[in-house]
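Residues per chain, in single letters:
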Amino acid sequence: MATSDEFKNLGIRETLEKIGSRKSGLSEAEAEKRLGKWGYNQVEEKRQNYFLLFAKKFTGPVPLLLILIIILSYFLGNTNDVYIVVALLLLNTTVAFYEEYRADLSIQALKQRLESNSRVTRSGTWKTISSRLLVPGDVIRIRFGDIVPADAKIIECDYLEIDESVITGESLPVTKESSGIAYAGSVVRAGEATCVVIRTGGRTLYGKTATLVELARPKHHIQSTIMHMVKYLVAIDVLIIIVLFLYGTLALHSSPVGMLPFLLIVFLASVPVALPPAFTVAMALGTEKLQKKSILVRKLDAIEDTATMDVLCMDKTGTLTKNKIAVKEIRPFNGAKEDELVRYAAEASREEDRDPIDNALLNYAKSRHVRTGKQLSFKPFRMSTKRTEALIRSGGKEYSVVKGAVQVIMDLCGSAGKEKAAVSNIVNEYAKKGYRSLAIAVGRQGKLRLVGVIALYDELRDDAKDLIRELSELGVDTKMLTGDNVAVARETARSLDLRGGIIDLSAVKAKGRKLFSMISHASGFSNIFPEDKYTIVKALQSHHNITGMTGDGINDAPALKQAEVGIAVSNATDVAKGAAAMVITEEGIGVIVEAVKESRRIFERMLTYAMTKISKVVQIVGFIAILYLGLHGFVAITPFLLILLMFTNDMVNIAIATDNAAFSMTPDIWKVRSIMYAMGIVGAVLVAEALFLLPMRGIFGLSLAQFQTCAFLLLDISDKFSIFNLREKSFFWKSRPSNALLVSSGIGIAAGLIFSYYGILVTKINAGPILSIIGLSIVFLFLVDLVKVSLFKSLNVK
């Protein structure tokens, strides 16, 4: 078959002959046969090499540090250390690999669910099918907002503008005419056309529909924020290690090589070894939960941004409304009868375009059994003209019909005086009911007369009002965006209980701070153009608002892409879905509230991880340093026991990602200084807890090795109890942890008790010290909780 470029010089008839098709399209049988020959209309992607993916998990800073410790321990003969560190390394890399593997499978499923659809004629009937089922020879219809699904020869079009920037890099749309070629992957910016498919899948010249959904792998804000806090701990830890090294080598004359594994382990205690797998698990579980609630997450960082989102801009049509427009009232003018007005409105519409307004008018005409004339030509709606035009033949006569914005049609008809005043009164009357007005005109030889006004109503979604109320309760300010006039916008805002003024952006001249002040205090905007949506989002972002945007059309795409949280609704165009970070897959928008709540739960889980990590680093490093410096080289815990402790702790830390975290009622904010200060104090209390082991040594007559086992057991239990303390802002018994967290914590504590009592991998201690440590841990469980609640209240940590 010829390449796409060879079709450029062929006429429509020659193209149809070469491709073996006709203007009426293929039969179902022929299409099925060609699908078997040419395959699906999709580009085969390079499969992920999972062996290499697993191998890469060993190349990060933390895995490399663990490998260094393994090598040093091996050459120093510390075989037990080697085994434990190898196990720790394999645990973290395996969990991280498994969750990324699952994420890759989810992305593949996501791409299938976000596949575009195409309007095609098969066996003489127009239907909508998945774009991947298109074959060469199919006759398709493309219109404003579509992504061209395959290389196609244009059979007929009145006006067509296509954005080929993904192909050529040129930002300006290209005007296409009959016999031109529309390339796969390009976007229809204006107009519509009937085309015949000439190439599909990997044989298209440029386009690849499979690349509509991209796997975004940005640096996550939560992860980077936690690392930002931890780096200060690491810096302090390094200073303490230097002091310990100098004291050990200069004052105690210890071997530098012998001290190195111990100091590396102390350093490792401040590194968030479990952060990558814990974060991956948290995000993966959150994504799965949202998918079950009909939200597909295209960009994982959007989950984090949703937790901090404080403003949500919502496009009215198709988002707050059902986008199922119906005719509510009609008002003929200039002697026209009602059925004539309905006929003219239907004649200025086209069924195959599936435009909501056109469908409403055509269905209304059918319900009244109104017959229409033959449509000779049709000019579709464009934002620049705000009208549609058609040339009609009926009863042996030809005439033009025009429908569109009332003011535009009145200007075309030259309406003035009483007629203009009467129309304005009707439009205002309709607007008070929340109806949009559409004017219809008819004429010959360029002379048009107004024949009437039709009231259209797009019913609000059943869950729209509840959504806005719930978002308000969650601290998210909602703003409605609409191209309707002020009166319609105010009526809609009243129906939605949106409090605040409606701004007519077409009348606003303000800029800078004054414009932002108007935008921030408004509950909605009327008479907006597509570029205004982008401007509103940018203005809010420029003043540090984390901004969300919902939409369904191609005009919403720039704002959807600019917003931190772009949400495309279920009936959105392919372009809107491609620009959005999240896609709602079923009717309704109430699930947006679930996205906010689940995102905030993830935030709380990772906050628990961060606070636990900070407090435990302070405890472990502080305890080791105080005893080493204060008791002239006293080693409170061996490197092996510290590694074993990290191993048991990491299993529980990963389980934090599954916790039954409560969502906050306000947008989440990282209060880094407050958190560091509070956890520094909590860590100091935990250091005091560990220092109580010193008098226990004398009471029970513990040897150094037995003391080190006691230190291991106390730090093990203390870690689990700290999670229970810090996962709840109030007292720890106010909410129940998840089963996974309870079980993993129980296993971790049980393992420590069994190891200590039976002398497995550690020096055996009897029941006396064990029971004392359990009692001490329970006392400090309540003491730490009192300190925590007091600190959180004073620092306003919620």
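All values derive from a computational prediction rather than experimental measurement.

Engineer: Just give me the short version of the overall build of the protein chain, but keep the residues and values in it.
Structural biologist: Counting secondary structure elements, the protein chain contains 28 helices and 21 strands. Across the protein chain, every contact between residues at least 6 apart in sequence was considered, and the portion connecting residues at least 24 apart equals 72%. For the protein chain, the accessible area works out to roughly 34300 Å², and carbon and sulfur atoms hold 57% of it.

Engineer: Kindly report on the confidence of the model for the protein chain, identifying the contributing residues and their values.
Structural biologist: Chain-level statistics for the protein chain give a pLDDT mean of 83 and a share of 90% at 70 or above. Mean pLDDT in the protein chain bottoms out at helix 6 (residues 165–168), which sits at 60, and peaks at helix 26 (residues 704–726), which reaches 94. Of the regions scoring below 50 in pLDDT, residues 207–219 engages in 28 contacts with residues more than four places distant in sequence or in other chains.

Engineer: Help me get a handle on unusual backbone geometry, residues and values and all.
Structural biologist: The phi torsion of most residues other than glycine is negative, and most of the peptide bonds are trans. Although it is not a glycine, S179 sits at a positive phi angle of roughly 80°. Relative to the assigned elements, S179 resides in the loop between strand 5 (174–176) and strand 6 (181–182). A positive phi angle is found at H369, which is not glycine, with a value near 60°. In this structure, H369 sits in the loop between helix 13 (356–367) and strand 11 (374–379). A relative accessible area of 71% means that H369 is categorised as exposed.

Engineer: Give me the lowdown on the pairing of strand 20 (residues 565–568), citing residues and values where you can.
Structural biologist: Burial along strand 20 is two-sided: the face carrying V565 and I567 and the face carrying G566 and A568 are both buried. Where strand 19 (residues 547–551) and strand 20 come together, four bridges link them in parallel fashion. Looking at strand 20, one finds that M549 is bridged to G566. With respect to chirality, the unit in which strand 19 leads through helix 20 (residues 557–562) into the neighbouring parallel strand 20 is right-handed.

Engineer: Can you lay out the sheet that holds strand 19 for me, pointing to particular residues and giving the numbers?
Structural biologist: The strands that make up a sheet pair up through hydrogen bonds in the backbone, lying either parallel or antiparallel. Spatial strand order, 8-21-20-19-9-16-18-17: eight strands in an open sheet with mixed pairing. Among the strands making up the open sheet, the edge pair consists of strand 8 (295–297) and strand 17 (501–504). When the angles between neighbouring strand axes are averaged without regard to direction, this sheet yields 20°. Judged from the four bridges that link them, strand 9 (residues 311–315) and strand 19 form a sheet pairing that is parallel. Following the sheet pairing, V311 is matched in strand 19 by T547.

Engineer: With reference to specific residues and values, describe helix 10 (residues 301–308).
Structural biologist: By the criterion of burial, helix 10 is predominantly enclosed, with eight of the eight residues buried. Considered for burial, the residues of helix 10 that qualify are D301, A302, I303, E304, D305, T306, A307 and T308.

The rules behind these values
Residues numbered from 1 in each chain as written. Predicted model: local features only at pLDDT ≥ 70, side-chain atom pairs only at ≥ 80, totals over all residues. Heavy atoms only, no water. Helix = DSSP H or I, 4+ residues; strand = E, 2+ residues; numbered from the N terminus. Contact = heavy atoms within 4.5 Å. Areas by Shrake-Rupley, 256 points an atom, 1.4 Å probe, with all protein chains shown as cover. pLDDT = per-residue confidence, 0-100. Buried < 20%, exposed > 50% of the residue type's maximum accessible area, 1.4 Å probe, protein only. Pairing = 2+ DSSP bridges. Right-handed = clockwise from strand over helix to strand, strands pointing away. Axes fitted to C-alpha atoms, helices over the stretch in contact; angles between N-to-C directions.

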